[in-house]
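Here are the chains, one letter per residue:
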Amino acid sequence: MIRQLTISSEAIDEAKLISERTMSPGMGAVIYFLGVVRDAEGAEKISAITYEAFSKMAEHQFHLLFDEMEKRWPIESIRLVHRIGVVKVGEPSLWVEIVAPHRGEAFAACQWLIDEMKRVVPIWKKPII
Amino acid sequence: MIRQLTISSEAIDEAKLISERTMSPGMGAVIYFLGVVRDAEGAEKISAITYEAFSKMAEHQFHLLFDEMEKRWPIESIRLVHRIGVVKVGEPSLWVEIVAPHRGEAFAACQWLIDEMKRVVPIWKKPII
Amino acid sequence: MFPPLNWLIMRVAVHFYSYFKELTGCADTLEEISDGAAIADLQNQLTKKFPKLASMQKSTLIAVGVEYQKKDYVLKEGDEVSLFPPVQGG
Amino acid sequence: MFPPLNWLIMRVAVHFYSYFKELTGCADTLEEISDGAAIADLQNQLTKKFPKLASMQKSTLIAVGVEYQKKDYVLKEGDEVSLFPPVQGG
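Visitor: Give me the lowdown on the overall build of chain A, citing residues and values where you can.
Guide: When helices and strands are tallied, chain A shows three helices and nine strands. In sequence order, chain A lays out its α and β elements as β-α-β-β-β-β-α-β-β-β-α-β. A compact globule built from 129 residues should have a C-alpha radius of gyration of about 14 Å, and chain A, at 15 Å, falls within 12% of that. Here the C-alpha coordinates of chain A stretch approximately 45 × 30 × 25 Å along the principal axes. Relative to its 129 residues, chain A shows a buried fraction of 55%. Residue pairs in contact within chain A that sit at least 24 positions apart in sequence constitute 78% of those at least 6 positions apart. Only carbon and sulfur atoms are counted for the fraction: they give 52% of the accessible area of chain A, which is about 5,300 Å². Computing the positive centroid from 16 side-chain charges and the negative centroid from 18, chain A places the two 3 Å apart.

Visitor: Residue-level account of the relation of the copies chain A and chain B, with values.
Guide: Expressed as a screw transformation, the operator carrying chain A onto chain B has a rotation angle of 180 degrees and an axial translation of 0.0 Å, and the superposed copies differ by an RMSD of 0.0 Å. Here the two chains are linked by the operation of a two-fold rotation axis. Minimal C-alpha distance to the rotation axis in chain A is attained by Tyr32 of chain A, lying at 2.5 Å. Interface overlap between copies is the fraction of interface residues in one copy that are interface residues in the other; for chain A against chain B it reaches 100%, indicating a shared surface.

Visitor: Help me get a handle on the sheet that holds strand β2 (residues 28–34) of chain D, residues and values and all.
Guide: Residues and elements named next belong to chain D. Read across the open sheet, the five strands follow the order β2-β1-β5-β3-β4; overall the sheet is mixed. Each end of this open sheet is capped by a strand with a single partner; those strands are β2 and β4 (67–68). Relative to β4, strand β3 (residues 61–64) runs antiparallel, the two sharing two bridges. Bridging from a neighbouring strand, Val64 pairs with Glu67 of β4.

Visitor: Got a sec to walk through the interface of chain A and chain B? Specific residues and values, please.
Guide: If you look at the interface, chain A gives 29 residues, while chain B gives 29 residues. Here chain A and chain B share an interface that buries about 2,500 Å² over both sides, 57% of which is from carbon and sulfur atoms. On the chain A side of the interface with chain B, the three residues burying the most area are Arg38, Arg103 and Phe107 of chain A, jointly 25% of the side's total. Between chain A and chain B we count four salt bridges in total.

Visitor: Tell me about the sheet that holds strand β7 (residues 85–88) of chain B, and please be specific about residues and values.
Guide: Remark on secondary structure: sheet strands pair via backbone hydrogen bonds, oriented parallel or antiparallel. Residue and element names in this part refer to chain B. Taking strand neighbours across the sheet as the criterion, the three strands line up as β7-β5-β9 in an open arrangement whose pairing is antiparallel. Only two strands of the sheet have a single partner each, and these edge strands are β7 and β9 (123–128). Shown here is a sheet whose adjacent strand axes are inclined to one another by a mean of 30 degrees, direction ignored. Taken together, the four bridges between strand β5 (residues 48–53) and β7 define a ladder with antiparallel strand orientation.

Calculation rules
- Residues numbered from 1 in each chain as written.
- Chains lettered and ligands numbered in written order.
- Predicted model: local features only at pLDDT ≥ 70, side-chain atom pairs only at ≥ 80, totals over all residues.
- Heavy atoms only, no water.
- Helix = DSSP H or I, 4+ residues; strand = E, 2+ residues; numbered from the N terminus.
- Rg over C-alpha atoms; globule rule 2.2 N^0.38 Å.
- Buried < 20%, exposed > 50% of the residue type's maximum accessible area, 1.4 Å probe, protein only.
- Contact = heavy atoms within 4.5 Å.
- Areas by Shrake-Rupley, 256 points an atom, 1.4 Å probe, with all protein chains shown as cover.
- Lys, Arg positive; Asp, Glu negative; His and termini not counted.
- Charge placed at Lys NZ, Arg CZ, Asp CG, Glu CD.
- Least-squares fit on C-alpha atoms with pLDDT ≥ 70 in both.
- Pairing = 2+ DSSP bridges.
- Buried area = accessible area lost by both parts, 1.4 Å probe.
- Salt bridge = Lys/Arg side-chain N within 4 Å of Asp/Glu carboxyl O.
- Axes fitted to C-alpha atoms, helices over the stretch in contact; angles between N-to-C directions.

Shown next, in the form of structure tokens:
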């Protein structure tokens, strides 16, 4: 399984990420998720979110999740970018892409990964008013 | 809800579609699905698939599905491109993008749409050996 | 005072899609059928004309215009009827 | 024949993340604790030093190195312990 993990303060460049995709001829499904900073946290309007990561542990925990995904589903590639630092409203903080033979496993794996990430990967957010 | 539907024999241009995305500041999730022609149908190796559509009815049926999605989920935008004619192995035949406030509804809506499409939208495929 | 015979006959256009075109050897046919006939009657008539359609009868999907219809749908003069196998988009 | 006192004491580095840094006023602290102490003991010691951590005790997540550990994990000299609130990536 191809794994590509980036935790970085650089802006997420969708066009570049897409141009770098590789896919073998047996693959039929690409799922792609983009998490974007919204203009409100609860009732409060915000202008940005500061993301903080315990990077070394975050990388390790992501790889434990990727290990588990590799056991559960026939995924060819998982690529994930989590932006840290200040991310303005309307900008993406998370980009995830799964390539798999069929859409069922691609959807299941992508949802599972995001749910688990929010449970175990040490990244936190702090809204900026 | 923004709707953009294209049933066309032109190649799907992901980069262009992404550059045309609009998203208001309350939106937090983009789901994007790409269906790609695989090199096998069952046990048989193929080189391409010819997609045929009853286009007028396909458009109408897609819009009935979009109507239903609009009732079920707080979606801001749905964009869908289905390619028809000859689509080679490794090339995308379907591109779907959903923009919504949260990932839960975006994932649910995207999976529902693809499942329903495969049930009611009059498009057929014929493998080319 | 009897109406001419053609008042009791209506014409519907029938379109075939996907491999139904291969089963029938054509993409379209114009059928004459009794006034008041339902889709089920039209299907019987088509199966006589194109016997290879018979094997697909249970899985055939039927639309009038751009809407799906059931076999009890009563046809009208000028209806555009489409018959096709299960769809496979994506 | 008694070992020197410092043999019975070990040092562990403690790191705080997210708003735990605001609760403690620091990002890191070096703690001395009895040999054989578990995470639960370290947490008690930290709560005395940084009383604002007490309110978060139930939801505190604890890692040693890059692995999550439970309160009964027995610490070793040189362990890098991290304490932080529930994670919120995405």
